[in-house]
Amino acid sequence: MTVARAPGKAILLGEHFVVHGTGAILCAIDKYATVTVSPRDKGVYVKSRYGELEFHDTDLKGAPEHHRPFLNIATELGMKVDTIIDSQIPPGVGLGSSSSCCVAGAGAMLNSSRDGVIETALRAERSVFEGASGADTAVCTVGGIIEFRNGEHKVVESDPILLAIASTGRIHSTAKTVEAVRQYRERNPKEFESACKQVKGLVGDARNALDSKDLVSLGAHMWLNQELLKEIKVSDATIDKIVEAASRTSYGAKLTGAGAGGCVIALVDDSNCQRTLEAMRACGAEAFSVKTDMDGLRVGQTLS
Ligand code: PMV
């Protein structure tokens, strides 16, 4: 039996734009998906919050979306396994639920916490959403804070940060919002190009803010990024309301992930975390705080 545990993620800056070649900064969070695999005689068995499935095929096209990534990994590696997924990460709200599961699945089946994991997990993720940038997969594997651009990641040497997170409770489809942004770009090429340029600048500045532990500056850049996300129409009235409320008490707030529902993150520290969570709850949102996970993927026979 092999157990693997991978963190979820929040995108501090650059979602959507990263699909179009800008950089992004991501942070692994201390909410986890755990995948346990053990050998079986034939086929692949998958059990998760979406139910159970026994699979004896090699053609994955018709396999249910939620189970397909694990079947993809097992088929690729020629493994016959029982795969049990247990996740603390709420699905479909931008906190890296699917990436974290793919990374833990790849880690467990490869019995490795790094070698080949990012690539295997990304192929699994792309078996469901072809357009995934790979940013989530990278940060859920290596942990900490990373800068991601065009398939490459660099670890940002930073202290852990604290985020207050509010869920709108509305699940989004990343594929649909990514397609909506592609259409926005087609209709508004000049505006989109200008927004991408600004995001590139914000990502560079935010990286400097992290290097110098300047939360005020980092938060201000997150807020500016939110304005650009509004411009490309992935924010909505509920997100805007929570961002506005959280901006009064935190260093800066924005949506995280695909938007159109999902979650809002606010950069906080111990001095303003509780006030920010209360401000988020006053908007009717479910709110909780998370810290940066510094370990990334862990793999073993047991995880204590
Ligand atoms: O909401 P999520 O966790 O699926 O975030 C996706 C982030 C995007 O930039 C919109 C897509 C991607 O693959 O980077």
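Further up the page is the structure itself.
Keep in mind the model is a prediction, meaning the values are calculated, not measured.

**Topic: the site of the ligand**
Taken together, 15 residues lie around the ligand, and Lys 9, Ser 133, His 172, Thr 174 and Ala 258 are the ones closest in. In this structure, an oxygen atom belonging to the ligand sits 2.9 Å away from a side-chain N or O atom of His 172. For the ligand, the protein covers 91% of the area, taking 380 Å² as the surface of the free molecule. Secondary structure elements with two or more residues in the shell around the ligand: β1 (2-13) and α5 (174-187).

**Here we look at the packing of aromatic side chains**
Considering all chains together, one arrives at 2 aromatic pairs under this definition. Ring-pair connections join several aromatic residues into one group, and the members of that group are Phe 17, Tyr 184 and Phe 192. Over the face of the ring belonging to Tyr 32 we find Arg 5, whose NZ or CZ atom lies 3.6 Å from the ring centre.

**Description of the sheet that holds strand β9 (residues 252-256)**
Strand pairs in the sheet, formed through backbone hydrogen bonds, run parallel or antiparallel to each other. Pairing is antiparallel in the open sheet, where 4 strands are placed in the order β9-β10-β8-β11. Each having just a single partner strand, β9 and β11 (286-291) make up the two edges of the open sheet. Geometrically, the sheet is characterised by an average inter-axis angle of 25° between neighbouring strands, direction not taken into account. Pairing geometry for strand β8 (residues 162-167) and β11, over 6 bridges, is antiparallel. Paired with Ala 164 across the bridge in β11 is Ser 289. Relative to the sheet, helix α7 (residues 215-231) contacts β9 and β10 (263-268), its axis offset from that of β9 by approximately 45°. Relative to β9, helix α8 (residues 237-249) is tilted by about 155°, and along the sheet it contacts β8, β9 and β10.

**So, the state of the cysteines**
Inspection of the entire model under this criterion finds 0 disulfides. Looking at the unpaired Cys 263, the closest cysteine sulfur is the one in Cys 27, lying at 14 Å. Looking at Cys 283, it has no disulfide partner, and the nearest cysteine sulfur is the one in Cys 263, 14 Å off.

The rules behind the values
Residues numbered from 1 in each chain as written. Predicted model: local features only at pLDDT ≥ 70, side-chain atom pairs only at ≥ 80, totals over all residues. Heavy atoms only, no water. Near = heavy atom within 4 Å. Polar contact = N/O pair within 3.5 Å; in protein donor to acceptor, adjacent residues only side chain to side chain. Areas by Shrake-Rupley, 256 points an atom, 1.4 Å probe, with all protein chains shown as cover. Helix = DSSP H or I, 4+ residues; strand = E, 2+ residues; numbered from the N terminus. Phe/Tyr/Trp six-rings, centres within 6.5 Å; stacked < 30°, edge-to-face > 60°. Lys NZ or Arg CZ within 6 Å of the ring centre and 35° of its normal. Pairing = 2+ DSSP bridges. Axes fitted to C-alpha atoms, helices over the stretch in contact; angles between N-to-C directions. Contact = heavy atoms within 4.5 Å. Disulfide = S-S within 2.5 Å.

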